[in-house]
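Here's the letter readout for the chains.
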Amino acid sequence: MFQIMKQLKRDERLSFLKTCPDECIHALCEVCFNLLHQSLELGKDKKYRLKKKLKPIRVDVRKLANSKLSVKTKRKLLSKPQVGDGIFTILASTIIPALISAIASK
């Protein structure tokens, strides 16, 4: 699923989020939760870059990580260009490579 989202162009990503299944929204929000709770093992350099990218949208990322918010609210947050593009950028540049390397090392 993340590989498909990674290949989408910027305009396609935001329109995809409006129509994607709820499981997709839950997966993105789970990534946000894991980022906030530092469940992913990242190097010092990657943590610094990630923190720098998340800082402008930190309030929205916290909302996305909140399990009590509805999918409708999370979808609306992700549809904002700054938030949705920020999350996709983080996924493409940091999270997906880290997950691949973690799986490969096992």
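Residues numbered from 1 in each chain as written. Predicted model: local features only at pLDDT ≥ 70, side-chain atom pairs only at ≥ 80, totals over all residues. Heavy atoms only, no water.

Re the nonpolar core
For step 1, the next point in the chain: Formed by 25 residues in total, the largest nonpolar core has its most connected members in Leu17, Ile25, Leu54, Leu64, Leu78 and Ile87.
For step 2, the next point in the chain: Tallying contributions element by element places helix α3 (residues 22-36) first for this core, with 7 residues.
For step 3, the next point in the chain: Each residue touching leucine 64, except ones within four places of it in the same chain, is listed here: Cys29, Cys32, Lys74, Leu77, Leu78, Val83 and Ile87. (Core = buried A, V, L, I, M, F, W, Y, C linked by side-chain atoms within 4.5 Å. Buried < 20%, exposed > 50% of the residue type's maximum accessible area, 1.4 Å probe, protein only. Helix = DSSP H or I, 4+ residues; strand = E, 2+ residues; numbered from the N terminus. Contact = heavy atoms within 4.5 Å.)

Observations regarding the confidence of the model for the chain
For step 1, the next point in the chain: When pLDDT is averaged along the chain, the result is 80; 83% of the residues meet or exceed 70.
For step 2, the next point in the chain: Of all helices and strands in the chain, the one with the weakest mean pLDDT is helix α1 (residues 2-7) (68), whereas helix α5 (residues 58-65) scores best (90). (pLDDT = per-residue confidence, 0-100.)

Observations regarding the packing of α5 against helix α6 (residues 71-79)
For step 1, the next point in the chain: Between α5 and α6, the least distance of the axes is 10 Å, while the angle of their chain directions is 150 degrees. Relative to α6, α5 is oriented roughly antiparallel. You can see that α5 and α6 cross each other, and the crossing is left-handed. Side by side, α5 and α6 meet where Asp60, Lys63 and Leu64 of the first sit next to Lys74, Leu77 and Leu78 of the second.
For step 2, the next point in the chain: Of the residues assigned to the contact of α5 with α6, the class counts are 3 nonpolar, no polar and 3 charged. (Axes fitted to C-alpha atoms, helices over the stretch in contact; angles between N-to-C directions. Parallel < 35°, antiparallel > 145°, perpendicular 65-115°, else oblique. Left-handed = near helix turned anticlockwise from the far one by under 90°. Nonpolar A, V, L, I, M, F, W, Y, C, P; charged D, E, K, R; others polar.)

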